[in-house]
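# Observations on the model geometry
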Amino acid sequence: MNLNLLAYLLFFPAMLALAVGVAQTCHRHGRPWMLGLFDGDAAFVDAVNNILLVCCYTINLGYIALVMGDWERVTSIEHLIGTLAQRMSVIVFALAALHYQNIAVLLIWSRIKQRRTLKNTQP
Amino acid sequence: MNNLFVLTYLIYLPIVVGLTLYVARTLFRNGRVFMLEIFKGKADIADATNRLFEVGFYLINIGFALRIMEVGGYWTNDPFDTTQEMVEVLAGKIGGFAIYLGAMLFLNLFLFFRGRRKARQNGVNPIPVVAQPMH
């Protein structure tokens, strides 16, 4: 069997599982924050949250498939492991960056909202 | 070689159409909340508009998927003849399409939010009364 194909076969399911897991974590634990941002409107928050989950899936999986295109020719098992580790590290770092960006947006947004409500309540 | 091209199309089409269907269903099932708010709780108009936009979403995205489908033609790489190259070409196409689909989702979500904000700004109902058909 072609070693490149084997590398793709290992790479894609592993990254798929990772991306789906991260997305679901964001979906589950982002909900309380969004409830705070949208004044506890649960139906609305769930709608937005579900749409964002699907956005997250399509973009992350699309990127994972996109970078699967042009790997160098893998010739041996040790080469396979090295290439696989490098490619996986790129995806894991990208997911980490997206994750922290998510947290930052939630924090900054709720800070802005808090400040605005404070200003509105003060005489 | 030609058989590999046909096989590529046979793998590409169901994946792309299935992805579009899944994404659009989710988007517009959850978009109903926005539509109800934009149309001030008139469920029939909200559902009708939602359905119309859903069909438009299918048309645009499946149209785009078909537009980029051709392999080894004007748009893309050289002809290929191994399974590895087929997997790489398929991954590139499906990955690119999925990212495009994600961008369309964000665009739609942005439009939903914009509609909601406009509806809130105009306290009165901005939608003209639809004329009843005469009997």
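Predicted, not measured: the structure shown is a model, and the values here were computed from it.

### Things to note about the overall build of chain A
For chain A, the helix and strand inventory stands at three helices and zero strands. Compactness check: chain A gives a C-alpha radius of gyration of 20 Å against a globular reference of 14 Å for 123 residues, more than 25% above the reference. Considered along the principal axes of its C-alpha atoms, chain A spans approximately 75 × 25 × 20 Å. Contacts in chain A between residues far apart in sequence, at least 24 positions, make up 73% of those at least 6 positions apart. Looking at chain A as shown, the accessible area adds up to about 7,300 Å², and 67% of this sits on carbon and sulfur atoms.

### What about helix 3 (residues 77-121) of chain A?
All names here are of chain A. Here helix 3 spans 66 Å end to end across 45 residues, near enough to the 66 Å set by a 1.5 Å rise per residue. Turning to helix 3, its buried residues number three or more, namely Leu80, Thr83, Leu84, Ile91, Leu95 and Leu106. As for helix 3, its buried residues are in contact with helix 1 (3-37) and helix 2 (42-66).

### A look at the interface of chain B and chain A
With 26 residues of chain B in contact, the opposing surface of chain A contributes 25 residues. Interface area for chain B against chain A, summed over the two sides, is near 2,100 Å², with a carbon-plus-sulfur share of 79%. Our count for the chain B to chain A interface comes out at zero salt bridges. Remark: the boundary between chain B and chain A carries four residue pairs in polar contact (both at pLDDT 80 or more). At the level of elements, helix 1 (2-38) and helix 3 (83-121) of chain B are the ones that each hand at least two residues to the side of chain B that touches chain A. In terms of residue count, helix 3 of chain B provides more of the side of chain B that touches chain A than any other element does, 18 residues in total. Looking at the side of chain B that touches chain A residue by residue, the classes come out as 15 nonpolar, eight polar and three charged.

### Considering the packing of helix 2 of chain A against helix 3 of chain A
Residue and element names in this part refer to chain A. The interhelical angle for the contact between helix 2 and helix 3, taken along N-to-C directions, is 160°, at an axis separation of 11 Å. Between helix 2 and helix 3, the angle is such that the two are roughly antiparallel. In the crossing of helix 2 with helix 3, the sense of the turn from one axis to the other is right-handed. Between helix 2 and helix 3, the residues in contact are Asn60, Tyr63 and Ile64 and Val90, Ile91, Leu95 and Leu98, respectively. Of the residues belonging to the contact of helix 2 with helix 3, the class tally is six nonpolar, one polar and no charged.

Conventions adopted
Residues numbered from 1 in each chain as written. Chains lettered and ligands numbered in written order. Predicted model: local features only at pLDDT ≥ 70, side-chain atom pairs only at ≥ 80, totals over all residues. Heavy atoms only, no water. Helix = DSSP H or I, 4+ residues; strand = E, 2+ residues; numbered from the N terminus. Rg over C-alpha atoms; globule rule 2.2 N^0.38 Å. Contact = heavy atoms within 4.5 Å. Areas by Shrake-Rupley, 256 points an atom, 1.4 Å probe, with all protein chains shown as cover. Expected span 1.5 Å × (residues − 1). Buried < 20%, exposed > 50% of the residue type's maximum accessible area, 1.4 Å probe, protein only. Buried area = accessible area lost by both parts, 1.4 Å probe. Salt bridge = Lys/Arg side-chain N within 4 Å of Asp/Glu carboxyl O. Polar contact = N/O pair within 3.5 Å; in protein donor to acceptor, adjacent residues only side chain to side chain. Nonpolar A, V, L, I, M, F, W, Y, C, P; charged D, E, K, R; others polar. Axes fitted to C-alpha atoms, helices over the stretch in contact; angles between N-to-C directions. Parallel < 35°, antiparallel > 145°, perpendicular 65-115°, else oblique. Left-handed = near helix turned anticlockwise from the far one by under 90°.

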